[in-house]
Amino acid sequence: MKKIILPVATAAVLATGAYLGFKPSAEPATSASSSRPAAGAPLVAVTLPDSLSTNAQIGKRAFDATCAACHGVKAAGVEGSGPPLVHVIYEPSHHGDMAFVMAAQRGVQAHHWRFGDMPPQEGLTEGDLKAIVAYVREVQRANGIQ
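Quick caveat: nothing in here was measured; it's all calculated off a predicted structure.

Caption draft 1: Molecular detail of the overall build of the protein. Looking only at helices and strands, the protein has five helices and zero strands in total. Secondary structure elements of the protein, listed N to C terminal, follow the sequence α-α-α-α-α. Long-range pairs, those at least 24 residues apart, make up 68% of the contacts in the protein with a sequence separation of at least 6. When the accessible area of the protein is evaluated, it comes to approximately 8,900 Å², of which 60% is carbon and sulfur surface.

In structure tokens form, the structure reads like this:
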């Protein structure tokens, strides 16, 4: 029995350490400074790509109409309102495209940020959401988020 407990306990300690080491903090840093931007200010600097695909252009229009009020112009976030989507937390390996679609359709409980829960977004088709994701991904790539 002792031969089983030690490896299991060791694995649990290692898994906990790995989780804590890679887990994002409750409030990801948005700048080198510890002070927060003024209410309503963008949270990160975002560079738009030189050009957008046709699908991303459609997505930008839908994003600007539906998402930008909380997630900011160019998905830069808005202090006091919503997180930036141009952030390493939202890279494809951590939040896949379907996570964005489901978040808009179902809403999301706050888990990475201090902004509170995101409500479901009404009136967006699955096509709208896929175009929005295309826009966000192209902006992310232009800012080094792969």
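Caption draft 2: Representation of the pattern of salt bridges. Evaluated as defined, the whole model comprises four salt bridges. Here R137 ties to D97 by a salt bridge, and the two come within 2.7 Å at their closest N and O atoms. Of this pair, R137 sits in helix α5 (residues 126-142) while D97 sits in helix α4 (residues 97-106); the two residues are 40 residues apart in sequence, bridging distant segments of the chain. Using a relative accessible area of 41% as the deciding quantity, one classes D97 as partly exposed. Of the charged contacts in the structure, one is a salt bridge between E126 and K130, with a shortest N-O distance of 3.4 Å. Of this pair, E126 and K130 both sit in helix α5, four residues apart, roughly one helical turn. Residue K130 is classed as partly exposed on the basis of its relative accessible area of 47%.

Caption draft 3: Summary view of the side chain of E79. With respect to the secondary-structure elements, E79 resides in the loop between α3 (68-71) and α4. Leaving out residues up to four positions away in the same chain, E79 has contacts with R36, P37, A38, A39, G40, A41, L43 and R114.

Caption draft 4: Geometry of the packing of helix α2 (residues 54-66) against α5. Where α2 contacts α5, the two axes come as close as 7 Å, and the packing angle between them is 100°. The orientation of α2 relative to α5 falls into the category roughly perpendicular. Contact residues: α2 offers N55, A56, I58, G59, K60, A62 and F63, while α5 offers K130, A131, I132, A134, Y135, V136 and E138. Across the contact of α2 with α5, the residue classes tally to nine nonpolar, two polar and three charged.

Caption draft 5: Quick look at the side chain of H71. Tracing the backbone shows H71 in helix α3. H71 sits in the buried class, given a relative accessible area of 13%. Discounting residues that sit within four places of it in the chain, H71 has contacts with F63, A76, G77, V78, G82, P83, L85 and M118.

Caption draft 6: Local environment of the nonpolar core. Among the nonpolar cores identified, the biggest contains 29 residues, and F63, L85, I132, Y135 and V136 are the most heavily contacted of them. Of all the secondary-structure elements, those providing two or more residues to this core are α2, α4 and α5. Element by element, the count of residues in this core is highest for α5, at seven residues. Leaving out residues up to four positions away in the same chain, I132 has contacts with G59, A62, F63, C67 and L124.

Reading the values: rules and limits
Residues numbered from 1 in each chain as written. Predicted model: local features only at pLDDT ≥ 70, side-chain atom pairs only at ≥ 80, totals over all residues. Heavy atoms only, no water. Helix = DSSP H or I, 4+ residues; strand = E, 2+ residues; numbered from the N terminus. Contact = heavy atoms within 4.5 Å. Areas by Shrake-Rupley, 256 points an atom, 1.4 Å probe, with all protein chains shown as cover. Salt bridge = Lys/Arg side-chain N within 4 Å of Asp/Glu carboxyl O. Buried < 20%, exposed > 50% of the residue type's maximum accessible area, 1.4 Å probe, protein only. Axes fitted to C-alpha atoms, helices over the stretch in contact; angles between N-to-C directions. Parallel < 35°, antiparallel > 145°, perpendicular 65-115°, else oblique. Nonpolar A, V, L, I, M, F, W, Y, C, P; charged D, E, K, R; others polar. Core = buried A, V, L, I, M, F, W, Y, C linked by side-chain atoms within 4.5 Å.

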